[in-house]
Amino acid sequence: MSEPLLELNDVSVSFDGFYALTDLSLKLYKGELKSIIGPNGAGKTTFLDVITGKVRPTKGTVTFKGKSLLGVSEQQISRDGIGRKFQTPRVFENLTVLRNLELSASPEKNAFSLLGSGLPQSSKDEVHRIMNYVGLTPFATVKAGSLSHGQKQWLAIASLVAQAPEVLLLDEPVAGLTDEETLRTAELIKSLAGDHTVVVIEHDMEFIRDLGFDVTVLHQGQVLTEGPLEKVKSDPRVIEVYLGPPEQ
Amino acid sequence: MKLFQRLVPWILLAIALFILPAALDDFRLNLFGRYFALSITALAIDLIWGYTGLLSLGQGIFFALGGYAVAMNLMLNTKSLAGGNGIPKFFENYGVDQLPFFWQPFWSPVFALMALWVIPAAVAGVVGWLIFRNRIKGVYFSIITQAALMVFFHFFNGQQKLFDGTNGLKTSTTELFGQLVGSPDMQVWFYRLTVVLLPLAFLVCRYFTSGRFGDALIAIRDDESRLRFAGFNPVPFKTIVFLVAGALCGISGALYTVQSGIVSPQYMSISFSIEMVIWVAVGGRGTLVGPIIGATLVNYLRSLVSEALPEAWLFVQGALFIFVVVLMPDGIYGWITKGGFRTFLAAFGIAKKAKTYPQLDKEAIPVD
């Protein structure tokens, strides 16, 4: 097999003696699609924090395309091609939907180039395509702050897609969405497969099944098991720590 | 109507340039010149606070630096104020017979004209960059700027041998183009200069707040760390606006100094810098018209109240601030353009409820 795109090796994160991640090792290959599940406090979000540069691991190495990500700033990691959607939908509330997307889609990230020039037409087209796909076109001139929770989730996902990263890290993309919205989100994420590497963190097992990605179970900061959903679901350890016994 | 709206700025400019000078006596006109000069500072604070979310309590530093730059030049070039060595007389009081080295370049009017905005901008740029790159934000940023203000205040206040200390530098008795700076003729020219520079400052602020750069500023205000994850480094953005705001405050301070007749360390007092913030809050932050309204109105009110009840102004100002924070959270301009009288009623819980709740934005309803 080829070199992994993203590799975590023996990563530990300790917050004042409490270990959020303990010797976590994980490989992600180009084009791989992965779901991560696990009980609360398993270290799922910390795992993303480590990759995106928000938290510096106490121990271990993180490499992306063979380069270490330790000590690299969040913005540089993002520019290198790792994009992230947060657990709560974080959008720029006082910018309109269109401006939110255009800001994320901007290929120039430097202050002076933003002063000087407008958004290139290709990026504009892309923004409109994405906005249309997530059904936010009628809300293009509405401030993001006045959208509903579900729409904000979609805007957050759409902003991430507009950013055009190679690796998409999605933290609970369907939290608080209706069943139909969840279904559409699954379709959206599946449509990204192919050129993108996607990691989804979720609690919604229906959604995980819809996605059909391989599942990694985290528990107490470590990988408990990996594999297709059906296999993972029948693993007694997973049932014990996360899923609970099947209903009688 | 559209045409009228487009003409409004020109009408206001024409009123300020031609009607006010004809209608007001010299004293009042000079006061209005000062209000407009202060409006430039209000614009600067709006740029960093209203748009970027950086509440600086130290803009007085840059304001005073601009004032000192122009005052130093005027003092040096006034023969009647020169003492024995050809340097300003006040130096003799402290036994200084040699001009301090940093005064030397201020002989040149060109240098002074540059220095009055370049020096504040440079100080703001360096201080801002150091603060921002260390990711200091929110209330800590406010505290640091206020601490910096106190440092500058005590330095200028204590250094009699360098800046005449607490007395400040008087510009009204200095000469420019063979005329007294404090003379009515000169003051009318300074008024005109201010009226021309204020719209330019407005345009500068609009340049930075509109377009994609402005979007990034609002994004910094809303969620700075989220912007990092979109690949933007907020530090240059914040440093640039803080630097621009510093330069604008310097220009404002210079204009204010020549019209008030003196620059003194009092311009770097804590209360004055807080008042600047109040003007913006009263006028309406996050809009570019608001701060001009706020600075002009609050200072006009201040003049009126101080003339009628000299001791009452601080009470009125405090009350005004509370009134605005509680009843007009978006300031006067926001109040006019958004809620209007309803926001008052809503504050007391007696506003008529909107038909649909939560409020639906009409534009937000899909057409199909």
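Scoring rules and cut-offs
Residues numbered from 1 in each chain as written. Chains lettered and ligands numbered in written order. Predicted model: local features only at pLDDT ≥ 70, side-chain atom pairs only at ≥ 80, totals over all residues. Helix = DSSP H or I, 4+ residues; strand = E, 2+ residues; numbered from the N terminus. Rg over C-alpha atoms; globule rule 2.2 N^0.38 Å. Buried ≥ 20, exposed ≤ 12 C-beta atoms within 10 Å, placed from the backbone. Pairing = 2+ DSSP bridges. Right-handed = clockwise from strand over helix to strand, strands pointing away. Contact = placed C-beta atoms within 7 Å. Nonpolar A, V, L, I, M, F, W, Y, C, P; charged D, E, K, R; others polar. Axes fitted to C-alpha atoms, helices over the stretch in contact; angles between N-to-C directions. Parallel < 35°, antiparallel > 145°, perpendicular 65-115°, else oblique. Left-handed = near helix turned anticlockwise from the far one by under 90°. Expected span 1.5 Å × (residues − 1). Arc of directions from axis to C-beta. pLDDT = per-residue confidence, 0-100.

Caption draft 1: Main features of the overall build of chain B. When its secondary structure is counted, chain B shows 15 helices and four strands. The C-alpha radius of gyration of chain B comes to 22 Å, within 12% of the 21 Å expected for a compact globule of 368 residues. Principal-axis analysis of the C-alpha atoms gives chain B an extent of 85 × 50 × 40 Å. Burial statistics for chain B: of 368 residues in total, 43% are counted as buried.

Caption draft 2: Region of the structure containing the pairing of strand E7 (residues 167-171) of chain A. All names here are of chain A. Judged by how many residues are buried, E7 sits mostly within the fold: five of five residues are covered. Along E7, one buried face is formed by Val167, Leu169 and Asp171 and the opposite face, lined by Leu168 and Leu170, is buried too. Bridge count for strand E6 (residues 82-85) against E7 is four bridges, and the pairing is parallel. Note on E7: the bridge partner recorded for arginine 84 is leucine 169. Bridge count for E7 against strand E8 (residues 197-201) is five bridges, and the pairing is parallel. Each bridged residue has a counterpart across the sheet, and for aspartate 171 the counterpart in E8 is isoleucine 201. Once you follow E7 into helix H7 (residues 179-192) and on to E8, the crossover reads as right-handed.

Caption draft 3: Inspection of the interface of chain B and chain A at higher detail. Of the residues lining the interface, 23 residues belong to chain B; the matching set on chain A comes to 26 residues. Elements represented by at least two residues in the side of chain B that touches chain A include exactly helix H9 (211-229) and helix H10 (234-260) of chain B. Considering each element in turn, the side of chain B that touches chain A owes the most residues, 11 residues, to H9(B). The residue inventory of the side of chain B that touches chain A, partitioned by class, reads 13 nonpolar, two polar and eight charged.

Caption draft 4: Main features of the packing of helix H3 (residues 97-105) of chain A against helix H5 (residues 121-133) of chain A. All names here are of chain A. Relative orientation of the contacting elements H3 and H5 amounts to 125 degrees, with a least axis distance of 10 Å. Considered as vectors, H3 and H5 are oriented oblique to each other. As H3 runs across H5, the sense of the crossing is right-handed. In contact with Val97, Leu101, Glu102 and Ala105 of H3, H5 contributes Ser123, Glu126, Val127, Ile130 and Met131. Split into classes, the residues belonging to the contact of H3 with H5 amount to six nonpolar, one polar and two charged.

Caption draft 5: Spotlight on H7(A). Residue and element names in this part refer to chain A. Here H7 spans 20 Å end to end across 14 residues, near enough to the 20 Å set by a 1.5 Å rise per residue. Restricting attention to buried positions, one finds in H7 the residues Thr182, Thr185, Ala186 and Ile189. Buried residues of H7, seen end-on, are gathered within an arc of 105 degrees and therefore sit on one face of the element. Opposite the packed face of H7, turned more than 90 degrees from it, sit the exposed residues Glu180, Glu187 and Ser191. Contacts made by the buried residues of H7 are with helix H6 (149-162), E7, E8 and helix H8 (205-211). Glycine 194 lies just past H7 and shows a positive phi near 115 degrees.

Caption draft 6: Geometry of unusual backbone geometry. A positive phi angle is found at Asp23(A), which is not glycine, with a value near 45 degrees. If you trace the backbone, Asp23(A) turns up in strand E2 (residues 18-28). A count of 14 C-beta atoms within 10 Å places Asp23(A) in the partly exposed class. Its identity is not glycine, yet Asp164(B) carries a phi of approximately 65 degrees, on the positive side.

Caption draft 7: Summary view of the confidence of the model for chain B. Residues and elements named next belong to chain B. Mean pLDDT over chain B stands at 86; residues scoring 70 or higher make up 93%. The least confident element of chain B is helix H15 (residues 342-347), whose mean pLDDT is 69; the most confident is H10, at 94. Both scores are available for the predicted complex, with the pTM at 0.87 and the ipTM at 0.87.

Caption draft 8: Examining the sheet that holds E8(A) more closely. All names here are of chain A. Read across the sheet, six strands follow the order E6-E7-E8-E3-E9-E10 without closing on themselves; strand pairing throughout is mixed. With one partner strand each, in any of the chains shown, E6 and strand E10 (222-227) form the two edges of the open sheet. If you compare each strand with its neighbour and ignore which way they point, the axes differ by 20 degrees on average. Pairing analysis gives four bridges linking strand E3 (residues 33-37) to strand E9 (residues 214-219), with the strands arranged parallel. Counterpart to lysine 34 in the pairing with E9 is aspartate 214. Sheet strands touched by helix H10 (residues 236-243): E3, E9 and E10. Its angle to E10, the strand with the most contacts, is close to 125 degrees.

Caption draft 9: Main features of the sheet that holds strand E5 (residues 67-68) of chain A. Residues and elements named next belong to chain A. Here we have four strands laid out as an open sheet, ordered E2-E1-E4-E5, and antiparallel in their pairing. Edge positions in the sheet fall to E2 and E5, since each has one partner strand and no second. Judged from the five bridges that link them, strand E1 (residues 6-15) and strand E4 (residues 59-64) form a sheet pairing that is antiparallel. Residue pairing for E4: glutamate 7 is matched across the bridge by threonine 63. The strands touched by helix H1 (residues 44-51) are E1, E2 and E4; relative to E2, the strand with the most contacts, the crossing angle is about 65 degrees.

Caption draft 10: Region of interest: the packing of helix H3 (residues 59-76) of chain B against H10(B). Residue and element names in this part refer to chain B. Orientation of H3 relative to H10, taken along the N-to-C sense of each, is 50 degrees, at an axis distance of 6 Å. Relative to H10, the element H3 lies oblique. In this structure, H3 meets H10 at a crossing whose hand is right-handed. For the pair H3 and H10, the contacting residues are Gln59, Phe62, Phe63, Ala64, Leu65, Gly66, Gly67, Ala69, Val70 and Ala71 in the first and Gly246, Cys249, Gly250, Ile251, Ser252, Gly253, Ala254, Tyr256, Thr257 and Val258 in the second. Residues of the contact of H3 with H10, tallied by class, amount to 12 nonpolar, eight polar and no charged.

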